[in-house]
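Fold and geometry: a report
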Amino acid sequence: MPPFEEIIRRNLDSIRRRIAEAAERSGRAADAVRLIAVTKYVGLDEIRALHAAGCRDFGESRPQDLWEKVEMLRDLPLNWHLIGHLQRNKVRRTLPLVSLLHSGDSLAVLEAVNRLGGEIDRHFNVLIEVNISGDENKHGFRAAEVAEALPRIAEMNNVSVKGLMAMASREGGIAQARKDFENVRALRERLVEQDVKRIGLSELSMGMSDDFEAAIEQGATMVRIGSALFEESTA
Ligand SMILES: *Cc1c(COP(=O)(O)O)cnc(C)c1O
């Protein structure tokens, strides 16, 4: 069995190639799509190996895990992303550590982020998470709610909206995922037309190990990839 560093390097090469090809199919350059390495399944050694192989953007879904990993890896210049649900009582400890909050999933959490930003005189970058599949168990704004929420979010002076984040339906395979991503793309276009001041919509964070190519073909600018980085492939 090859050492994990080698597995990671090999997987990373293949994922980068697939990202570049999907970007090309959508008429964009490879560097128009940022890879966020999702490290929730692994420990510090794997993160160091990813860094050595050139990764700079890392995503965690649980705030406590993020705090711990940030603390233990202070010696590396990493951009951290929180991609999972953030409870309001964890906003204060989390936001100063991340370059982007992907899970801006309610007005309440965005208000808490804004309040903290006002208190410590900082602006925080966020994405608005959209529950595009409409699954009752998922966090996020319903697609139909976002247009109404935008003017209220625009009034939060210490919050900088950069775009949207979404996850495809669990059911329905790649065909359903593609439809979900198309819906996110169409939603973004409608919101751009709404032209709300202070709201940026250039980023689309969508696509995971099993569906990132479809997401890129529908305009993803960030893909969040975990398991495909670490599995020992037979290819
Ligand atoms: C775990 C997770 C990912 C990565 O999933 P993989 O299928 O392992 O690539 C991406 N986004 C979110 C929000 C996640 O929780």
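Here's what I pulled together on the structure shown here. (Residues numbered from 1 in each chain as written. Predicted model: local features only at pLDDT ≥ 70, side-chain atom pairs only at ≥ 80, totals over all residues. Heavy atoms only, no water.)

If you walk through the whole model with that rule in mind, you get one cavity of 30 Å³ or more. Volume-wise, the largest cavity comes out at about 40 Å³. As for the largest cavity, its lining consists of Glu129, Val130, Asn131, Ile132, Ser133, Lys138, His139, Ala166 and Met167. With three residues, the top contributor of residues to the lining of the largest cavity is strand β5 (residues 124-131). A class-by-class count of the residues in the lining of the largest cavity yields four nonpolar, three polar and two charged. (1 Å grid on protein atoms, 1.4 Å probe; cavity = no way out; pocket = protein on both sides within 12 Å on 5 of 7 lines; lining within 4 Å. Points joined across faces, edges and corners; volume = space filled by probe spheres on them. Helix = DSSP H or I, 4+ residues; strand = E, 2+ residues; numbered from the N terminus. Nonpolar A, V, L, I, M, F, W, Y, C, P; charged D, E, K, R; others polar.)

Before going further, it helps to spend a moment on the nonpolar core. Counting 71 residues, the largest nonpolar core has Leu50, Trp80, Leu95, Ile153, Leu164, Ile216 and Val223 as the members making the most contacts within it. If sequence neighbours within four positions are ignored, Leu95 has contacts with Leu86, Leu101, Val113, Leu116 and Phe124. (Core = buried A, V, L, I, M, F, W, Y, C linked by side-chain atoms within 4.5 Å. Buried < 20%, exposed > 50% of the residue type's maximum accessible area, 1.4 Å probe, protein only. Contact = heavy atoms within 4.5 Å.)

Around the ligand, a shell composed of Val38, Lys40, Tyr41, Ile83, Met165, Met167, Met208, Ser209, Arg224, Ile225, Gly226 and Ser227 is seen. At 2.7 Å from an oxygen atom of the ligand is found a side-chain nitrogen or oxygen belonging to Tyr41. For the ligand, a nitrogen atom lies 2.9 Å from a polar atom in the side chain of Arg224. Relative to its unbound accessible area of 390 Å², the ligand is 89% covered by the protein chains. Cavity membership is defined here by more than half of the atoms lying within 2 Å of grid points; on that basis the ligand lies in the largest pocket. (Near = heavy atom within 4 Å. Polar contact = N/O pair within 3.5 Å; in protein donor to acceptor, adjacent residues only side chain to side chain. Areas by Shrake-Rupley, 256 points an atom, 1.4 Å probe, with all protein chains shown as cover. Sits in = over half its atoms within 2 Å of the grid points.)

Phi at Asp121 takes a positive value of approximately 55 degrees, unusual for a residue other than glycine. By the element assignment, Asp121 lies in the loop between α5 (107-120) and β5.

This next bit is on the packing of α5 against helix α6 (residues 143-154). Close contact between α5 and α6 brings their axes to 11 Å; oriented N to C, the two are set at 15 degrees. The orientation of α5 relative to α6 falls into the category roughly parallel. By crossing handedness, the relation of α5 to α6 is classed as right-handed. Counting all contacts with α5, which are made through Leu107, Leu110 and Glu111, the residues of α6 involved are Ala149, Arg152 and Ile153. (Axes fitted to C-alpha atoms, helices over the stretch in contact; angles between N-to-C directions. Parallel < 35°, antiparallel > 145°, perpendicular 65-115°, else oblique. Left-handed = near helix turned anticlockwise from the far one by under 90°.)

Before going further, it helps to examine the layout of surface pockets. A volume near 690 Å³ is recorded for the largest pocket. Every residue lining the largest pocket is counted, 28 residues in all, and those nearest its centre are Lys40, Met167, Arg170, Met208 and Arg224. Counting only elements with at least two residues in the lining of the largest pocket, the list comes to α7 (173-194) and β9 (222-225). Tallying contributions element by element places α7 first for the lining of the largest pocket, with three residues. Residue composition of the lining of the largest pocket, by class: 10 nonpolar, 10 polar and eight charged.

Burial of the side chains of strand β2 (residues 57-60) extends over both faces: Asp57 and Gly59 are buried on one face and Phe58 and Glu60 on the other. Here strand β1 (residues 34-38) runs beside β2; their pairing, made up of two bridges, is parallel. The residue bridging Ala37 from the neighbouring strand is Phe58, located in β2. On the question of chirality, the crossover connecting β1 to the parallel β2 by way of helix α2 (residues 44-52) is right-handed. Each parallel crossover has a hand, and the one from β2 via helix α3 (residues 63-72) to strand β3 (residues 79-82) is right-handed. (Pairing = 2+ DSSP bridges. Right-handed = clockwise from strand over helix to strand, strands pointing away.)

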